[in-house]
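Listed below are the residues making up each chain.
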Amino acid sequence: MRDTTLTNSEWYVLDCLWDQNPMTVMELVAALHDKLGWAKSTTITTLSRMESKGLIAAQAQGRGKQYVPCVDRKSCARAETHSFLDRVYRGSVGLLVSALASEKSLSREEIADLYEILRQAEEESK
């Protein structure tokens with residue numbers, strides 16, 4: 001599956017569907033209204049656009065539809081990460097980590113996690 005860059009609205013819908021699927025139109029309308037204050041028409045329009053793009057699929061359920069995601073969270077997160085790195089840090093993970101470290105926003109646990117990630121990456125590159 002190709003990496004997919006999503007709009008904020010698409011993230012909100014997919015986040016609901018990744019947590020629970022399938023979901024009916026009315027379940028999504030309720031969830032997105034509670035979370036974001038979206039009107040029913042906003043949710044239906046967004047669902048229609050996402051279905052056209054192949055991000056979600058509708059399955060008939062009586063007179064209504066149930067929606068399921070057609071993209072997985074991991075590939076979408078990967079694409080978003082690459083997009084962010086390219087836009088903000090010219091593709092440099094080092095510049096990102098440097099910015100975080102210079103702001104002292106990394107906890108000891110996060111630093112330990114980074115060391116472990118780097119250790120694993122080093123092992124895989126051998």
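Residues numbered from 1 in each chain as written. Predicted model: local features only at pLDDT ≥ 70, side-chain atom pairs only at ≥ 80, totals over all residues. Heavy atoms only, no water.

### Some details on the overall build of the chain
Per the secondary structure count, the chain includes 6 helices and 3 strands. The N-to-C order of helical and strand elements in the chain reads α-β-α-α-β-β-α-α-α. By the compact-globule yardstick of 14 Å for 126 residues, the chain is too spread out, its C-alpha radius of gyration being 19 Å. Overall size of the chain, expressed as C-alpha extent along the three principal axes, is 55 × 35 × 25 Å. For the chain, long-range pairs separated by at least 24 residues make up 53% of all intrachain contacts whose partners lie at least 6 apart in sequence. Counting only carbon and sulfur atoms, one obtains 52% of the accessible surface of the chain, whose full area is about 8700 Å². Seen as two clouds, the 16 positive and the 18 negative side-chain charges of the chain have centres 6 Å apart. (Helix = DSSP H or I, 4+ residues; strand = E, 2+ residues; numbered from the N terminus. Rg over C-alpha atoms; globule rule 2.2 N^0.38 Å. Contact = heavy atoms within 4.5 Å. Areas by Shrake-Rupley, 256 points an atom, 1.4 Å probe, with all protein chains shown as cover. Lys, Arg positive; Asp, Glu negative; His and termini not counted. Charge placed at Lys NZ, Arg CZ, Asp CG, Glu CD.)

### Quick notes on the pairing of strand E2 (residues 56–61)
Relative to strand E3 (residues 64–69), E2 runs antiparallel, the two sharing 6 bridges. When the sheet's bridge partners are listed, Gln59 is paired in E3 with Gln66. (Pairing = 2+ DSSP bridges.)

### What to know about helix H4 (residues 73–89)
The first and last C-alpha atoms of H4 sit 23 Å apart over 17 residues, in line with the 24 Å expected at 1.5 Å per residue. Along H4, the residues classified as buried are Ser75, Cys76, Ala79, Ser83, Leu85 and Tyr89. As for H4, its buried residues are in contact with helix H1 (8–19) and helix H5 (93–102). The opening residue of H4, the one whose side-chain oxygen lies 3.3 Å from the backbone nitrogen of Lys74, is Asp72. (Expected span 1.5 Å × (residues − 1). Buried < 20%, exposed > 50% of the residue type's maximum accessible area, 1.4 Å probe, protein only. Polar contact = N/O pair within 3.5 Å; in protein donor to acceptor, adjacent residues only side chain to side chain.)

### What to know about unusual backbone geometry
Cis geometry is found at the peptide bond from Asn21 to Pro22, where omega equals 0°. Looking at the element boundaries, Pro22 is found in the loop between H1 and strand E1 (23–24).

### Side note on the packing of H1 against helix H3 (residues 40–53)
The N-to-C vectors of H1 and H3 enclose an angle of 90°; their axes lie 11 Å apart at closest approach. The pairing of H1 with H3 is recorded here as roughly perpendicular in orientation. Facing Ser9, Glu10, Val13 and Leu14 of H1, the residues of H3 in contact are Thr46, Leu47, Met50 and Lys53. (Axes fitted to C-alpha atoms, helices over the stretch in contact; angles between N-to-C directions. Parallel < 35°, antiparallel > 145°, perpendicular 65-115°, else oblique.)

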